[in-house]
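These are the residues of each chain, in order.
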Amino acid sequence: MTDLIDTVQELEIDDAYLELFDINLRWVNSDGDLVSDIIHLVDGLDNDNLNLWMPYDNSGSLEWAEYIACPIAIEGVALTSTGAPARPTLSIANVVSLARTISSSDGVSYGDGDSDETNFSTGGSYNADAKTVLAELNISKNEDILGSIVNHRKTLRKNTYVKISGSYYTYSDRSTTITGVPAPKEFPSGRFVLDRVSAENNLVVQYELASPFDVQGLKIPNRYVIGKYCPWDYRGAAGTTDSIKSGCTWNGGGYTIDNDSVSANSAGDVCAKTVQACKVRFHGAEDADSDIPLPFGGFPGSRKFK
Amino acid sequence: MSTQYSFTIPSSLNLGNTNNESISTDRGLSRQVSFSILKASFGDGYSQRARDGINSKKEAISASFNNRHYKEGNLIAKFLDNRQGLNFDLTVTNTVTNAAAETTEIIRVTCEGYNLVYVNDTTVSIQATLNRVYEPLA
């Protein structure tokens, strides 16, 4: 970052400004599950027909990402301190090319650094047509990937890498091998949500992007403030991590609605959704004094005082 | 010298030629180069500049094939017809002063149109504009 600041302070920046796109593609697969996968795109190809590589933060760990050359452009990125946040436009020429990088039917040796992933055609090593790739992912129209998150990264060309014969090199120095995954040097990135399809024709599809805070109908932190009652699913977090439905972690014995007697089996197991019901379970009694925090989904402090 | 401005028409395209034909352009091949520069202009005559994107050099090349034998001219026209919208490799010189040996570079170009003139029964002329692209070979 210091290096970047040093460079951009100069009037003559002897380097190229690049925009990279990490798109966390979200779609509903044929089983009806919401799935996601990160794809990496850049709007150009290296002169030697090599794809660009750049480390990225994948849930806390740095990993190499191959940026596939793709006709993609973003316009209207702006920061304003007043009024509504800017809604940039992301234009993509070929949505199919997004999907092919994560489809198993594309038949391309993905991740080898060569440019063969950038072409979408039949013949040669590309043995899947667009319809097959999209059908496999169950993406049938442009609206199917709405809600995906775009990470708009900006850097200078000298901070990018290429992969030649399995080894990584910096863009400018292709004789010194890079070992390990270096920390990416980049400008602060911007995150946007694909909010709606603003235009589409036979050449490009344009998505209107929204700030994650500016998505219509979304409530932050996505919970209703209810004073007396807990809206969470009873025992919602008692199972495995795959089936967490709420923050209710109770996995002990069952209680009846009266809250005061433990039933032998959980046949009559009902929660009254009140703080008292929570205390009976976690503190042992409705009036018990305990330091154990209650996983109560309501907001008791928001109730009116009389 | 002539191979320094040339491209090859491979026989594999089935255009009628049984051998790979190397076609040289006429003298006077011109390369119109422009750069994509991001520029922020400030006050009294100074600005900050950076290159825009990976490939910031754009080139338009004017190539002529004048007074060729009609068979060669027809082959060139057929090749450009075959490649319309597809790219092909063009070899140009890039030898510099005091270089030890003659060197060439291969740039990838597309042709979006050409002008074919039938000069007489046995002679044709072609003028074509080629645009440089940065992409895998079609």
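Our subject is the structure that appears above.
Residues numbered from 1 in each chain as written. Chains lettered and ligands numbered in written order. Predicted model: local features only at pLDDT ≥ 70, side-chain atom pairs only at ≥ 80, totals over all residues. Heavy atoms only, no water.

(A) Region of the structure containing the overall build of chain B. Helices and strands together make up the secondary structure of chain B, namely one helix and nine strands. Compactness check: chain B gives a C-alpha radius of gyration of 18 Å against a globular reference of 14 Å for 138 residues, more than 25% above the reference. In terms of principal-axis extent, the alpha carbons of chain B reach across some 65 × 35 × 30 Å. Classification of the 138 residues of chain B by burial places 35% in the buried group. By sequence separation, contacts in chain B at least 24 residues apart represent 56% of the contacts at least 6 residues apart. Computed over 13 positive and 13 negative side-chain charges, the inter-centroid distance for chain B is 4 Å. (Helix = DSSP H or I, 4+ residues; strand = E, 2+ residues; numbered from the N terminus. Rg over C-alpha atoms; globule rule 2.2 N^0.38 Å. Buried < 20%, exposed > 50% of the residue type's maximum accessible area, 1.4 Å probe, protein only. Contact = heavy atoms within 4.5 Å. Lys, Arg positive; Asp, Glu negative; His and termini not counted. Charge placed at Lys NZ, Arg CZ, Asp CG, Glu CD.)

(B) Focus on the side chain of A:Glu19. Residues and elements named next belong to chain A. Summarising the element assignment, Glu-19 is placed in strand β1 (residues 12–28). At 6.9 Å, Lys-154 is the nearest oppositely charged side chain to Glu-19, a buried residue that forms no salt bridge. A polar atom in the side chain of Glu-19 sits 3.2 Å from the side chain of His-152. In this structure Glu-19 touches Val-42, Asp-43, Ile-74, His-152, Arg-153 and Lys-154, once residues within four positions along its chain are discounted. (Salt bridge = Lys/Arg side-chain N within 4 Å of Asp/Glu carboxyl O. Polar contact = N/O pair within 3.5 Å; in protein donor to acceptor, adjacent residues only side chain to side chain.)

(C) Broad picture of the environment of A:Gly247. All names here are of chain A. Within the fold, Gly-247 resides in the loop between β11 (205–210) and α4 (275–282). Overall, the relative accessible area of 23% leaves Gly-247 in the partly exposed class. Along the primary structure Gly-247 and Asp-6 are separated by 241 residues, whereas in three dimensions their C-alpha atoms are 47 Å apart. Gly-247 has contacts with Trp-232, Ala-237 and Pro-295, leaving out every residue within four places of it along the chain.

(D) A look at the layout of surface pockets. Residue and element names in this part refer to chain A. Taken as a whole, the second largest pocket spans an internal volume of roughly 300 Å³. If you go around the second largest pocket, you meet 17 residues; those closest to its centre are Val-77, Ala-78, Leu-79, Gly-190 and Phe-192. Those elements giving two or more residues to the lining of the second largest pocket turn out to be β7 (149–156) and β10 (187–200). With five residues, β10 is the largest single contributor of residues to the lining of the second largest pocket. A breakdown of the residues in the lining of the second largest pocket according to their chemical character gives nine nonpolar, six polar and two charged. (1 Å grid on protein atoms, 1.4 Å probe; cavity = no way out; pocket = protein on both sides within 12 Å on 5 of 7 lines; lining within 4 Å. Points joined across faces, edges and corners; volume = space filled by probe spheres on them. Nonpolar A, V, L, I, M, F, W, Y, C, P; charged D, E, K, R; others polar.)

(E) Expanded view of the sheet that holds strand β2 (residues 21–24) of chain B. Residues and elements named next belong to chain B. Reading across from one edge, β2-β1-β7-β8-β9-β6-β3 is the order of the seven strands in this open sheet, with antiparallel pairing throughout. A strand with exactly one partner marks an edge of an open sheet, and here the two such strands are β2 and β3 (30–35). Averaged over all pairs of adjacent strands, the angle between strand axes in this sheet comes to 35 degrees, irrespective of strand direction. Looking at chain direction, strand β7 (residues 87–93) and strand β8 (residues 104–120) are connected through seven bridges and run antiparallel. The partner of Asn-87 across the bridge, within β8, is Thr-110. Its contacts with the sheet put helix α1 (residues 70–82) on β1 (5–9), β2, β6 (57–69), β7, β8 and β9 (123–132), and the angle it makes with β6 is roughly 150 degrees. (Pairing = 2+ DSSP bridges. Axes fitted to C-alpha atoms, helices over the stretch in contact; angles between N-to-C directions.)

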